[in-house]
Amino acid sequence: LFWSMVMLVIFMMMGALLMGNLVQGYLEDSDVDSVDKEWVWMHYGTAYNAFYTFFEITLSGSWPAKVRPLLLKVSQGLFVFFALYITIIVFAVIRVIGAIFLRDTLDAAQNDAEHLVAERLKKK
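The text that follows walks through the structure, step by step, so that each part is easy to find. (Residues numbered from 1 in each chain as written. Predicted model: local features only at pLDDT ≥ 70, side-chain atom pairs only at ≥ 80, totals over all residues. Heavy atoms only, no water.)

### What about the pattern of salt bridges?
Then, in step 1: In this structure the tally under the stated criterion is 3 salt bridges.
Then, in step 2: The closest approach of N and O atoms between Glu56 and Lys66, which form a salt bridge, is 3.1 Å. Of this pair, Glu56 sits in helix 4 (residues 47–59) while Lys66 sits in helix 5 (residues 63–73), and the two are 10 residues apart along the sequence.
Then, in step 3: Accessibility expressed as a relative area gives 15% for Lys66, which makes it buried. (Salt bridge = Lys/Arg side-chain N within 4 Å of Asp/Glu carboxyl O. Helix = DSSP H or I, 4+ residues; strand = E, 2+ residues; numbered from the N terminus. Buried < 20%, exposed > 50% of the residue type's maximum accessible area, 1.4 Å probe, protein only.)

### Description of a nonpolar patch on the surface
Then, in step 1: Where nonpolar side chains cluster on the molecular surface, the patch consists of Leu1, Met5, Tyr48, Tyr52, Phe55, Leu59 and Phe101 and spans about 710 Å² of accessible area.
Then, in step 2: Per-element accounting of the nonpolar patch gives the leading share, 4 residues, to helix 4.
Then, in step 3: Within the secondary structure, Phe55 is located in helix 4. (Patch = residues over 30% accessible without salt bridge, like charges linked within 9 Å, V, L, I, M, F, W, Y side chains within 5 Å. Areas by Shrake-Rupley, 256 points an atom, 1.4 Å probe, with all protein chains shown as cover.)

### Topic: the packing of helix 3 (residues 34–44) against helix 5
Then, in step 1: Closest axis-to-axis distance for the helix 3/helix 5 pair is 11 Å, and the angle between their directions is 135°. Considered as vectors, helix 3 and helix 5 are oriented oblique to each other. Where helix 3 crosses over helix 5, the handedness of that crossing is left-handed. On the side of helix 3, the interface is formed by Asp36, Trp39, Val40, His43 and Tyr44, while helix 5 contributes Ala65, Lys66, Val67, Pro69, Leu70 and Lys73. (Axes fitted to C-alpha atoms, helices over the stretch in contact; angles between N-to-C directions. Parallel < 35°, antiparallel > 145°, perpendicular 65-115°, else oblique. Left-handed = near helix turned anticlockwise from the far one by under 90°. Contact = heavy atoms within 4.5 Å.)

In structure tokens form, the structure reads like this:
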């Protein structure tokens, strides 16, 4: 469990830092609507905000609500980054971690069943 959480935190932090850097030009643009700029700032403007947004994207399944406005307001070119991140991290890595935990749980259950059978045979 620990190694998987460390790995996910590293991936989320890398994504957050990269996205924070990518939106800085948008945030510094004086021609941008202040409401749009505030939304981007609240979700990606600081390292903490970006990390929390990536935490939500990765673990809560709310990525459409966090990604679509960014694609529409900042740049559609960010689609490549988010398509790779969501496909690789959100779908693949999370499912692999879940499969490993499931395998470990089934192995433990199998060992418990074998132990129970061995105990019953000893009693006879």
